Structure formats: structure tokens, C-alpha cells
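Chain by chain, the residues:
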Amino acid sequence: MKFISQYDQMDCGPACLSMISNHYGNPIGMQFLREKSFITKEGVSLLGIKGAAEDIGFDTLPAKVEVENLNNELMPCILHWNQNHFVVLYKISVNFLTRKKRYKIADPGHGLITVSEERLKQSWYSDDNQGIVLFLDPTKEFFDFKAPKEEKISFRSIIPYLKPHTKKIAWMFLLLLLGTLTTLIFPILTQKLIDEGVTKKDLNVITYILLGQLAFFFGNIIFEVIRNWITLVVGTKINIQILSDFLKKLLRLPIKFFDSKLTGDFNQRIVDHDKIEVFLTSQSLPTIFSIFTFSVFFGILWYYSFEILVVYIILTTVSIVWSLIWMKKRKILDYFRFQQRSQNQESIYEMINGVSEMKLNQFEDYKRNEWEKIQDKLFKINMRILKLDQLQLSGFEFINQFKNIVVTFLAAYFVIKGNMTLGALLSVSYIIGQMNSPINQLVTFFRSLQDAKLSLSRLNEVQSHDEEEKKEHLPLMHEKYTKQNGIERGIYFKDVSFQYEGPQSPYVLKDINLFIPEGKVTAIVGASGSGKTTLMKMLLKFYEPVAGSIHFNHLDIKDISPSDLRRNSGVVMQDGFIFSDTIERNIATSDENIDYERLDRALQTANIKSFVDELPLGLNTKIGSAGNGLSGGQKQRMLIARAVYKNPHFILFDEATSALDAENEKVIHNNLQSFFKGKTVIIVAHRLSTVKNADQIIVLKGGEISEIGKHQDLVYKKADYYSLVKNQLELGN
């Protein structure tokens, strides 16, 4: 079974399916399977894995079975592990001595493990003493299936980052060359010191040679100081550019990409990228010159003794091979450490941001214990890595030391036999010491290369995703939208359906046929979970329909530029975000030159001007990330002011006044009426005061439209709308 590690915390299902497809000889990449599995932030479901497996040609059978029903003919299969994870069971063996069964498992988050029947039951069984398993049988379609090829990671993609720093890199190259050349002179000076100075008792020669060594040593220090300075400058700039491009690409991806990612996954990718910088600046060039230095010393050692050179090469090769063997095992552990560090960041982020709720609900100890469990897992992974590192390093150092002793013995033997001078022996000893340094550098280079490739693969994961903005997209104000073209102007929903988790998941919206007239106010009401917010997000191109179409007049929403559509939309969402910036920047957002007259109108419309004027710094007051320092009502008024400032063509409010008191809501509602004139307004709300004056009210129930009409008509019908607002009607009347 070829082991494949999960990239992120939610990737265990696709990783299991990728291992099984590899096992049957048709390797299918994780990225493709991840999209087919419909992963969310809650993870992947067995239904999602089943759907993905069937899409690539497997016959599937999900079942609840007892351990006695498992046998090798059914392997490999996917087990639901610890109620929150998926693993592959790929073989059942019998212990030769105890005759007890051993179950071989590929855990994408831990590695290849073997467990006893007791441990299998403990981790696999649910409450009814059975375990959930997905059996997979490849069909002809599977063997014929061709998945899109995933681009292999190449360091060619990094070359553009080096080009702007060509001159500085050339200086680094020159300084390394000079440092290398000065190093090569030392063995010659050492031999001359012994043979010409000490042996002949010539104090002048000894003095000149020692002064020469001091000068070369001082020169080396100067070269290294300048080189380190250049390395810092180049490394920092490359670092910033790589991260900037990662963030640029990340922010161009559709919202659905973020639905399956946790904050810790992104944070750890950004933290992890410094390995690329280390490889580019601190490892690559020094390794090149280490090889150059090694080659020159190789020639000098050959000149002194071919026999010593042969022994040295053989033992050096053994030490390098030893190191590379352990590095392959360390690669898998690096994936696991990445996942645990990601979980660690997620846990810390959650505790800091949720500290108020934790204190209110006495949740501190539980969350801290959860964090300690993550630290325990991270500790165990670090121990495994340390064990491998110690085995690698100890073996490498032992072989090197053995090599040094053998070489010294041979050199001493040649001196005793008269085949080598004492100065040559000391020179050989110096050369061997200098040749060991490039070998160490080479091993470090291979490790840095492995780390950099892993980090690059994580950063490049976003590069394989399609951006939501396409060249063929049209601006919203295209003639298909602006011209009358013989239809009533507005937004048309035609048989629109939507699901979040794939074709077998429940519908959030089902067969929606709807017309939203231009320049009118449309209210959408319904119980929680009826699909109101999803419908609004589809209008903003956060999600695309799985069936049907949405048209802005004659212009299909699929053809509209997402950024242009949002540029023409003023939106207040339930989870609207306040940035860690000044009040004026939070309202004007991307406007470089703020229109203060428009800003003042926005503040007045949102009834927040008096609050801002009372602050010592007024509009320049900095408010915290996510609205720290603001009440819920103040935050909502700030978001309303942001939407009003844009003076957009469309207004979309999702429970925009739910946190406001009655007085503020009434003032803002009256202020907005004049602002709404001539604009297409869509309001999601529960409060009667917000929706009763709408030109049309749409009632959603279970993802379907149950009623459409005006307030009075719907109340008179005494159906779903009446039930929703009944209590408010009684209070209002």
C-alpha cells in the first residue's frame, strides 16, 4: 500500500481514496478527489467519499459490520475511525507466535500502523458494537478513468523571484568564490609551514606563513559579513514576494474554496514558507561552492595519495546513502507535524477570539484540555522526528569519524614508510577536515530541498485552483443588462436548485422560480435554515446553482464579472466583518480618495454620526478586528454606512437591523427609504417593521417558495407568512 498523507485537517477521506486508487493501479491525485468529495469545514462525510469513489469508477457498499466479517478479500476498504476520521484497512495478518490477528492500517494523519483486534474495536466500533466501513470494488470504468494531471512541483516557478536580485546574487557568488579560494590556500600554507619552516628551523618563513594565514582568515571574515548582509536583503525580499503572490492568488479564489479550509491551515502555510527562503538563500549557493571546494580538494588529495582518496570516497558514499534513507521516512512525519501545528494554531485562535463565551459558559478547562491533547500529539510527532534525526545523525557522524580514523591511519602509515612527508600528512588531515564540511553541507542541502518542496507544494496548492474572475466575464452594465429587450427589467431565477455537499446531499434551495423587479424592494422571509442567506449569496456569485439559471435581465449571472457585480452591490451580511482600521477606512474601504461628503451622508443614513463625532479622534478612530470595541448595534450601523457609501445599483441586506433597538431601527428605516429610491433592494429579515412596506414579500419554506405577495395579501391568506409574523402582529396591533 503506497502511503499518502493528508495535506490539511479535513483531507483524510480523499487521502484514503487516493491510496486505494493507487493500490489498483490508477493513481488519482488528492486535489481532484478533494473536489469530488465536497469537503466542508466540518470535514468530509462517508456520503461524499462514496460519491467521489463512484465518480471515478468504483462500485461501493457502505455497511455496518462486526470485525469477524472482515477478510483480506474485501481489502482495501475505508473505516470510519474514532467517529471523526477515515483510515484504510489494507491487510489482515496472523501473528506467528500468538496466532492473534493483526490489522494493518494506513492512517493519512499518522502513517502506517498495525493494531490488535482490541484496539481496532476500540477505535472503529460505534455504540452498537459494529463499525462503519466502505467497501470498494474497481470496475472497468475505473481502469479507463483518466483524472486531470496534477502539476508536479518544480523549482522553475521560483526562478522569476530570483531575477530582480541578479546583481546581488552575483555579488554573493563572487564573495563565495573568493572565500573558497582563500580556503584552498590553507593546506598549501600548512605544508610549507611544516616542511619549509619547522623542519628547516627557519623563523622568517614561519612568520611570513602565519601572517599570510591571518590575512586570509581576516579576508574570509570580511567576505562572510558582506555575504550575510546580502543574503538577508535578498532572502527577505524573496520571502515577501512569494507570500504576496500566495495571498494575491488566494484572494482571487471563489468562496467555496474557503469552505473546506480552517484558519490554522492557512496560518501554518504562511509560517511554513520560510523553509523556501532558507533553501534559496542560505543553502543553494553555499552548496554549489561546497561542491566546487570539494572538487578542488578532491584533486589535491588525489595528488597526495590515490589510495586515501578511494577509501574516503567509499566511506563518504556510505554516509550520504545512510542519510538519504532516513530523510524519506522523515518526509512523511513532516506532513503530520504540519497538520498538528495547524490544529494548534486553530485552537489558539479559537480560544483568543472566543474568550468571552468560554468564560460565560465555563468552557475554559475543556478547551485548554483539548489544546493539551494537540500538544501531546505534536510532542509524539516531534519525538518520532527526533528519533529519526538522531539515528540519521549518529550513523552519519560514526561513519565520518571512522573514515577520518582510517584516513589518518593510512597517512601515518605512508609517513612511516617514507612515502609521505610530515607536512603532507598534516595537509591531508586539513584537507579531509575541509572535505567533510561540503559533505555535511550537501546532506543539509538535501534536507532543506525536501522541506522547501513540501512547503512549496502547500503554497502551490492554491495555484491549481481556478480563479473566480475569468477573462470572458462581462461587466454588469453590459448591453444585455442595460437594454430593455422586451422583458420586464429585473432578476430572474429559473428552476434554481442548490446543494452544499454534492448530488446526494439535501437541497438547500429547490426549483426556485422567482422574479425580483428592478428599482423595487423585495423582502425574503422564512424560518432559520430555509435558504434565505444562500439565495442572497448566489446573487453575489459566492455560489453557483447546481441546476437552473439566474439572469440579470438577459445577462446570465455566469457571464457576469464577480468583482463588477459586487462593485455595484451594497451588502450587509449577518456575519459582516469590521476591519482593524479607522472608521473612515472601514466605511470607504477601497476608495483611495475618500469622498467626505458622501461619507457624511452614509453616517447620517446609518444614524451613527453622533457616535463618531463624540470620539476624540472622530473618523480617524481605529476600531479593532472583527469590531472589537463596538456594540452589536454599532457594528451593524457601521456596516449599513459602508453599504450606503458605495451608492450601489443593488442593495442586499441580510438581517441588517437585527441587533438594533427599536428607536435606532425606526430612524435608520426612515433614512433608508429615500436612499432605496431607484435601487433594486433585497432584504432578508424577520421583523415585521422591516418587511411590511416591501413591494413584494417572498416566503421560503424548506428551500422552496411557499408564498409571494404584499404584506396585507399574505396576512389575509393566514398561511406561512402569517405564522411567521403572528406574534409581531399581535404586539403591533
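Just so it is clear, the structure is predicted and the values come from calculations on it, not from any experiment.

Chemist: With reference to specific residues and values, describe the overall build of the protein.
Modeler: When its secondary structure is counted, the protein shows 26 helices and 18 strands. Relative to a compact globule of 733 residues, whose C-alpha radius of gyration would be 27 Å, the protein shows 34 Å and is clearly more extended. Looking at the 733 residues of the protein, the share that counts as buried comes to 49%. Restricting to contacts in the protein with at least 6 residues of sequence separation, those with at least 24 account for 74%. Within the protein, the 80 negative side-chain charges are centred at a point lying 5 Å from the centre of the 86 positive side-chain charges.

Chemist: Let's hear about the sheet that holds strand β11 (residues 555-556): which residues, and what values?
Modeler: Strand order in the open sheet made by the 4 strands is β8-β7-β10-β11, with antiparallel pairing throughout. Of all strands in the sheet, those with a lone pairing partner are β8 (509-517) and β11, marking the two edges. With 5 bridges joining them, strand β7 (residues 490-498) and strand β10 (residues 547-552) adopt antiparallel strand pairing. In the sheet register, I491 faces β10, and the bridge partner there is F552.

Chemist: Outline the domain arrangement of the protein, listing residues and values.
Modeler: Domains assigned within the protein are domain 1 (11-144), domain 2 (155-464) and domain 3 (487-731). Taking the mean C-alpha position of each, domain 2 and domain 3 sit 55 Å from one another.

Chemist: So what about the sheet that holds strand β1 (residues 58-65)? Which residues, and what values?
Modeler: The strand order across the open sheet formed by 6 strands is β1-β6-β2-β3-β4-β5, and the pairing between neighbours is antiparallel. The sheet is open, and its two edges are formed by β1 and β5 (111-116), each paired on a single side. Across the sheet, the axes of successive neighbouring strands diverge by a mean angle of 30 degrees, strand direction being ignored. Relative to β1, helix α3 (residues 46-55) is tilted by about 155 degrees, and along the sheet it contacts β1, β2 (77-81), β3 (85-94) and β6 (131-138).

Chemist: So what about the nonpolar core? Which residues, and what values?
Modeler: Ranked by size, the top nonpolar core spans 45 residues in total, and within it I640, F653, F676 and Y721 carry the most contacts. Considering each element in turn, this core owes the most residues, 7 residues, to helix α22 (residues 632-645). Ignoring sequence-local partners within four residues, the contact set of Y721 consists of V525, L688, V691, I697, V699, E707, H711, L714 and V715. Core analysis: the next-biggest nonpolar cluster, separate from the first, contains 36 residues, C12, C16, L17 and I56 among them.

Chemist: Describe in detail the pattern of salt bridges, supporting the description with residues and values.
Modeler: Evaluation of the coordinates by the stated rule reveals 21 salt bridges. R34 is paired through a salt bridge with D11; the nearest N and O atoms lie 2.8 Å apart. With R34 in helix α2 (residues 30-37) and D11 in the segment before α1 (12-23), this pair connects stretches of sequence that are 23 residues apart. K380 is paired through a salt bridge with D376; the nearest N and O atoms lie 3.4 Å apart. Of the two residues, K380 and D376 both sit in helix α14 (residues 364-416), 4 residues apart, roughly one turn of that helix.

Chemist: Can you lay out the layout of surface pockets for me, pointing to particular residues and giving the numbers?
Modeler: By volume, the second largest pocket is sized at about 1400 Å³. Forming the boundary of the second largest pocket are 41 residues, of which N84, H85, Q340, Q343 and K377 lie nearest the centre. Among the elements of the structure, β2, β3, α4 (117-124), α12 (306-353) and α14 are those that each provide at least two residues to the lining of the second largest pocket. Take the lining of the second largest pocket: its biggest share by element is 9 residues, from α14. Classifying every residue of the lining of the second largest pocket gives 11 nonpolar, 17 polar and 13 charged. Residue assignment places the lining of the second largest pocket across two domains, with domain 1 (11-144) and domain 2 (155-464) each supplying three or more.

Chemist: Outline empty space enclosed by the protein, listing residues and values.
Modeler: Counting across every chain of the model gives 3 cavities of 30 Å³ or more. Considering only enclosed or pocket space, the largest cavity measures out at about 50 Å³ in volume. Looking at side-chain class alone, the lining of the largest cavity contains 8 nonpolar, 1 polar and no charged residues.

Reading guide: rules and limits
- Residues numbered from 1 in each chain as written.
- Predicted model: local features only at pLDDT ≥ 70, side-chain atom pairs only at ≥ 80, totals over all residues.
- Heavy atoms only, no water.
- Helix = DSSP H or I, 4+ residues; strand = E, 2+ residues; numbered from the N terminus.
- Rg over C-alpha atoms; globule rule 2.2 N^0.38 Å.
- Buried < 20%, exposed > 50% of the residue type's maximum accessible area, 1.4 Å probe, protein only.
- Contact = heavy atoms within 4.5 Å.
- Lys, Arg positive; Asp, Glu negative; His and termini not counted.
- Charge placed at Lys NZ, Arg CZ, Asp CG, Glu CD.
- Pairing = 2+ DSSP bridges.
- Domains from an automatic or database assignment.
- Axes fitted to C-alpha atoms, helices over the stretch in contact; angles between N-to-C directions.
- Core = buried A, V, L, I, M, F, W, Y, C linked by side-chain atoms within 4.5 Å.
- Salt bridge = Lys/Arg side-chain N within 4 Å of Asp/Glu carboxyl O.
- 1 Å grid on protein atoms, 1.4 Å probe; cavity = no way out; pocket = protein on both sides within 12 Å on 5 of 7 lines; lining within 4 Å.
- Points joined across faces, edges and corners; volume = space filled by probe spheres on them.
- Nonpolar A, V, L, I, M, F, W, Y, C, P; charged D, E, K, R; others polar.

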